[in-house]
Amino acid sequence: MAKQKFRQTEKFRYSMQGLWAAITNSNVDGFFKGKIYTGQLKNACVPGLNCYSCPGALGSCPIGALQAVLGKKGHWFSFYVIGILMLFGALVGRVVCGWMCPFGLFQDLLHKIPFPKKIRTMPKEKILVKIKYFILLVFVIILPMFWVNFLGNGDPYFCKYLCPAGTLEGGVPLVLLNPVMRATVGWLFAWKNLILLMTIILSIIVYRPFCKVLCPLGAIYSLFNKVSLYQYRVDMDSCIACGRCAKVCFMNVDPVKDANHLECIRCGKCKTACPTKAISSDFVQKTSDFEFEEIKTM
Amino acid sequence: MSELPQLAELNEELGDKDVKIIGINVDAIAGDGAGSIAEMVKPILDNANSTMKIIFAEENLVNFIFSRQQAVPYTLFVDSEGNLVGDGYLGAKSKEDWIDIINEEYSKVEQ
C-alpha cells in the first residue's frame, strides 16, 4: 500500500521534471540541424542546470551565465543572474533541484537501473558534500574573474573543464551533428566525456552524486533552504519518532533533526513515508502556528 | 582574440605566398560599439608590426557567418574571386598548425 503511494508521488515528480525539461528545451529543430537557438528567450536563465549550448535550449544556464559575465573584463557582479538565482532561492530553495533540473532527472532515472550493490551513503559523505561550495567559489567565481588572458577576459572554467551536463546536452550532440566542430575535438572533449561517463556510472550506484558533491547551482540554492518562503515542517506532536522519513531519504537527511537541511532537494518522499502525516510543506507559516508557539512559550 | 597576436605575425610572414589574413569582428556590428574593440585590437597589431586588417562586419555578413557556425573563432578561406574554399575551421590554433592548413587550402585553389 505504502509502496504504491511512493511510486505514485515519485512518478508525479518525474513527470513534472520531464515536462519542465521538455518545455525549456523545445527548440526541436536544433537537434536536427546541430544549431543552437539564439533568440530573445536566451537572454533569460532557467532555474536549473541546463546547458546554453543544448541544441534544444530556449534559455541560458544560470551557472554558465554567471561565469560569462564575471569572466568579461570590467564586469565584477552579475546583478541579473544573481537576481534570478535569489528569486528562485528565496521562493523555493532546492525545490529547483528536485523538480526543475534536467540533470537531476537524468541522475534520478539512472539510479533506477538495477545494480548488485547500491551505495546509500558514500564514505565521508558529510565532507564530500562540501566540495560543491569549493567548486562554486573557485571554478564559477574566482577563476573566471582572475585567471584571465592578456585582454582581461576569463573562460567559464566550470563549463569548460568540469560540467558533465554541458557535455551531455551541448558537447556531444553538437559534435555529432556538426562536422566542422568534430574536427576540433581533442583532449578536452575526451576529459569531459570521462567526467560524464564517471557521473553516469556513479549515478547508477549512488543517488545523485553530481548534485551531492559537485553542483555549484545546488550549492547556491542550498543556502536558501532555511530562509526560503517554501518550508518543510515536522509537527513534533504527531511525530512518533519511527525514523521512516530518514530511512527513505536518498539525500541522507533526517527531517526530524532538520527539515530544511542544506542537502534536502525537497522531493517530498519523507512526507509520503510518514505514517502520522507529521511532515508538511508550504509557503509562509500559518498564523495559527505563531499563536501556538506563543502559548507554548508562555 | 587570444590567437590574434599570432595571426598578426603570420599575416606578415605569408607575404610571398599571396595569402592575406583578415580579422572579422562579429561582436560589434559596424559602428555600434566598434570603437572600444578597435582600441583593444590596435596595440596588438602594432606590437606585431602587422598590416593585418580587422573589419567590423555589417549585419548581413555577421548573419552569414553565424548561419554556418555559431562558435568563434571561425576561420574561412576565400579565393581571389570571393568563393569559399572548404568548410572552414573552428577554434584557435598555433601558428605552425595554421601554416600547414594554409598550405593545404592553397593547394586546393592552385589546382
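Residues numbered from 1 in each chain as written. Chains lettered and ligands numbered in written order. Predicted model: local features only at pLDDT ≥ 70, side-chain atom pairs only at ≥ 80, totals over all residues. Heavy atoms only, no water.

**Student:** Describe the overall build of chain A, and please don't skip the residues or the numbers.
**Tutor:** In terms of regular secondary structure, chain A is built from 17 helices and 2 strands. In terms of overall size, chain A behaves like a compact globule, its C-alpha atoms giving a radius of gyration of 21 Å where 298 residues would be expected to give roughly 19 Å. Each principal axis of the C-alpha atoms in chain A carries an extent, and together these give about 70 × 45 × 35 Å. Residues classed as buried in chain A amount to 47% of the 298 residues present. Of the roughly 15700 Å² of accessible surface on chain A, a fraction of 71% belongs to carbon and sulfur atoms. Here chain A holds 35 positive side-chain charges and 16 negative ones, and the gap between their average locations is 11 Å. (Helix = DSSP H or I, 4+ residues; strand = E, 2+ residues; numbered from the N terminus. Rg over C-alpha atoms; globule rule 2.2 N^0.38 Å. Buried < 20%, exposed > 50% of the residue type's maximum accessible area, 1.4 Å probe, protein only. Areas by Shrake-Rupley, 256 points an atom, 1.4 Å probe, with all protein chains shown as cover. Lys, Arg positive; Asp, Glu negative; His and termini not counted. Charge placed at Lys NZ, Arg CZ, Asp CG, Glu CD.)

**Student:** For the confidence of the model for chain A, give the residues involved together with the corresponding values.
**Tutor:** With 95% of its residues at a pLDDT of 70 or more, chain A shows a mean pLDDT of 92. Averaged pLDDT values over the elements of chain A bottom out at 53 in helix H17 (residues 287–297) of chain A and peak at 98 in helix H13 (residues 209–214) of chain A. (pLDDT = per-residue confidence, 0-100.)

**Student:** Pulling in residues and values, what's your account of the environment of Ser281(A)?
**Tutor:** Residue and element names in this part refer to chain A. Considering the arrangement of structural elements, one finds Ser281 in strand E2 (residues 279–283). Leaving out residues up to four positions away in the same chain, Ser281 has contacts with Tyr230, Gln231, Tyr232 and Lys271. At 2.7 Å, the side chain of Ser281 and the side chain of Tyr230 are in polar contact. (Contact = heavy atoms within 4.5 Å. Polar contact = N/O pair within 3.5 Å; in protein donor to acceptor, adjacent residues only side chain to side chain.)

**Student:** Account for the interface of chain B and chain A, with residues named and values stated.
**Tutor:** Contacts between chain B and chain A engage 16 residues on the former and 10 residues on the latter. For the pair chain B and chain A, the two sides together bury roughly 1000 Å², of which 66% comes from carbon and sulfur. The largest per-residue losses of area from chain B upon contact with chain A belong to Gln69(B), Gln70(B) and Leu90(B), which jointly make up 48% of the total buried on that side. Between chain B and chain A we count 0 salt bridges in total. (Buried area = accessible area lost by both parts, 1.4 Å probe. Salt bridge = Lys/Arg side-chain N within 4 Å of Asp/Glu carboxyl O.)

**Student:** Before we move on, could you go through the side chain of Asn25(A) and cite the residues and values that matter?
**Tutor:** Residues and elements named next belong to chain A. Summarising the element assignment, Asn25 is placed in the loop between helix H1 (2–24) and helix H2 (28–33). Given a relative accessible area of 14%, Asn25 falls into the buried group. Polar side-chain contacts of Asn25 include one of 2.7 Å to the side chain of Asn50. With sequence-adjacent residues up to four places away left out, Asn25 is seen in contact with Phe31, Asn50, Cys54, Gly56, Ala57 and Pro102.

**Student:** Kindly report on the packing of helix H3 (residues 62–70) of chain A against helix H8 (residues 131–146) of chain A, identifying the contributing residues and their values.
**Tutor:** Residue and element names in this part refer to chain A. Two numbers describe how H3 lies on H8: the axes approach to 8 Å, and their chain directions differ by 20 degrees. Judged by the inter-axis angle, H3 sits roughly parallel to H8. Our pair here, H3 against H8, has a crossing hand that is right-handed. Where H3 approaches H8, its residues Ile63, Leu66, Gln67 and Leu70 are matched on the opposing element by Phe139, Val140, Ile141, Pro144 and Met145. (Axes fitted to C-alpha atoms, helices over the stretch in contact; angles between N-to-C directions. Parallel < 35°, antiparallel > 145°, perpendicular 65-115°, else oblique. Left-handed = near helix turned anticlockwise from the far one by under 90°.)

**Student:** Summarise a negative patch on the surface; cite the residues concerned and give the values.
**Tutor:** Residues and elements named next belong to chain B. On the surface, a cluster of negative charge is contributed by Glu96, Asp97, Asp100 and Glu104. Mapping Glu104 onto the fold places it in helix H4 (residues 95–110). Taking relative accessible area as the criterion, Glu104 reaches 45% and is therefore assigned partly exposed. (Patch = residues over 30% accessible without salt bridge, like charges linked within 9 Å, V, L, I, M, F, W, Y side chains within 5 Å.)

**Student:** So what's going on with a nonpolar patch on the surface? Which residues, and what values?
**Tutor:** Residue and element names in this part refer to chain A. Together, Trp76, Phe77, Phe79, Leu137, Ile142 and Phe146 line one region of the surface with nonpolar side chains, adding up to about 720 Å² of accessible area. The dominant element in the nonpolar patch, judged by the number of residues it contributes, is H8, at 3 residues. Structurally, Trp76 is set in the loop between H3 and helix H4 (79–92). The exposure class of Trp76 is exposed, given its relative accessible area of 54%.

**Student:** Outline the environment of Gly39(A), supporting the account with residue identities and numerical values.
**Tutor:** Residue and element names in this part refer to chain A. Its place among the elements puts Gly39 in the loop between H2 and H3. Taking the relative accessible area as the measure of exposure, Gly39 reaches 28% and is therefore partly exposed. Spatially, the C-alpha atoms of Gly39 and Gly59 are 9.1 Å apart, while their sequence positions differ by 20 residues.

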